[in-house]
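Coordinate inspection notes
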Amino acid sequence: MTIIKCFRNECIENEILMTIRAGKKIKTEVSLQDPIGVDREGNEISLIDILGTEPDEVLNEVELKMQIKKLYQKMSSVLKKRELMVLELRYGICNGGSKTQREIAKMLGISRSYVSRIEKRAIKKLYKAFDYKE
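1. A short note on the layout of surface pockets
In this structure, the largest pocket encloses a volume near 270 Å³. Forming the walls of the largest pocket are 14 residues, and the residues nearest its centre are Leu 71, Met 75, Leu 126, Tyr 127 and Phe 130. Every element with two or more residues in the lining of the largest pocket is listed here: helix 3 (55-78), helix 4 (81-91) and helix 6 (112-129). Among the elements that take part in the lining of the largest pocket, helix 3 stands out by supplying 6 residues, more than any other. The class makeup of the residues in the lining of the largest pocket is 12 nonpolar, 1 polar and 1 charged.

Below you can see the structure in the form of structure tokens.
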């Protein structure tokens, strides 16, 4: 009898764990203000409380990362391959080291002024893609 009881309890515990894990997979967004537990005094603790920085700094960092992600998405969807390459090299987007127009021109076998035109055209396309008014 005891073995069967333990086996049933384990099944129930496993079922509960599976349900909790399934719920986590469905939930894709987490707010920094969502409660994640309680402290010793019984006060609710949120994720932003334990990050160790000022709330505004955390929110600014998250916002910046979201804007960068949006920029990369726009770049790959709006720009032609050569325009994307010029911006990546010019501003050090991929490897962190920015290159001069002269260096890029030498790499691509084109003139420096042509690199400048490609760069300006690409920036203008991105500007329009973000729906800014000229």
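2. Looking at the packing of helix 5 (residues 101-108) against helix 6
The contact between helix 5 and helix 6 brings their axes to 8 Å, and the two run at 105°. With respect to each other, helix 5 and helix 6 are oriented roughly perpendicular. Two secondary-structure elements touch here, helix 5 through Gln 101, Arg 102, Ile 104 and Ala 105 and helix 6 through Arg 112, Val 115, Ser 116 and Glu 119. Its residues assigned to classes, the contact of helix 5 with helix 6 shows 3 nonpolar, 2 polar and 3 charged.

3. Quick look at helix 5
When we look at burial in helix 5, the residues that qualify are Gln 101, Ile 104 and Ala 105. Buried positions in helix 5, seen along its axis, are confined to an arc of 100° and lie on one side of it. Of the exposed residues in helix 5, those oriented more than 90 degrees away from the buried face are Arg 102 and Lys 106. Where helix 5 is buried, its residues touch helix 4 and helix 6. One or two residues past the end of helix 5 sits Gly 109, with phi positive at roughly 70°.

4. A look at helix 4
For the α-helix, the turn length of 3.6 residues means that residues three or four positions removed from each other point alike. Taken as a whole, helix 4 has its buried residues at Glu 83, Val 86, Leu 87 and Leu 89. Phi for Gly 92, located one or two positions after helix 4, is positive at around 60°.

5. Some remarks on the side chain of Gln 101
Its location among the elements puts Gln 101 in helix 5. There is a polar contact of 2.7 Å between the side chain of Gln 101 and the side chain of Arg 112. Side chain to side chain, Gln 101 and Glu 119 meet in a polar contact 2.8 Å long. Dropping the residues within four chain positions of it, Gln 101 is found in contact with Arg 90, Arg 112, Val 115, Ser 116 and Glu 119.

6. Brief notes about the packing of aromatic side chains
All chains considered together, the criterion is met by 0 aromatic pairs. Across from the ring centre of Phe 130, 5.7 Å away, lies the NZ or CZ of Lys 74, which sits over that ring.

7. Here we look at the pairing of strand 1 (residues 35-38)
Looking at chain direction, strand 1 and strand 2 (residues 44-46) are connected through 3 bridges and run antiparallel. Opposite Pro 35, over in strand 2, you have Ser 46 as the bridge partner.

Quick notes on the rules
- Residues numbered from 1 in each chain as written.
- Predicted model: local features only at pLDDT ≥ 70, side-chain atom pairs only at ≥ 80, totals over all residues.
- Heavy atoms only, no water.
- 1 Å grid on protein atoms, 1.4 Å probe; cavity = no way out; pocket = protein on both sides within 12 Å on 5 of 7 lines; lining within 4 Å.
- Points joined across faces, edges and corners; volume = space filled by probe spheres on them.
- Helix = DSSP H or I, 4+ residues; strand = E, 2+ residues; numbered from the N terminus.
- Nonpolar A, V, L, I, M, F, W, Y, C, P; charged D, E, K, R; others polar.
- Axes fitted to C-alpha atoms, helices over the stretch in contact; angles between N-to-C directions.
- Parallel < 35°, antiparallel > 145°, perpendicular 65-115°, else oblique.
- Contact = heavy atoms within 4.5 Å.
- Buried < 20%, exposed > 50% of the residue type's maximum accessible area, 1.4 Å probe, protein only.
- Arc of directions from axis to C-beta.
- Polar contact = N/O pair within 3.5 Å; in protein donor to acceptor, adjacent residues only side chain to side chain.
- Phe/Tyr/Trp six-rings, centres within 6.5 Å; stacked < 30°, edge-to-face > 60°.
- Lys NZ or Arg CZ within 6 Å of the ring centre and 35° of its normal.
- Pairing = 2+ DSSP bridges.

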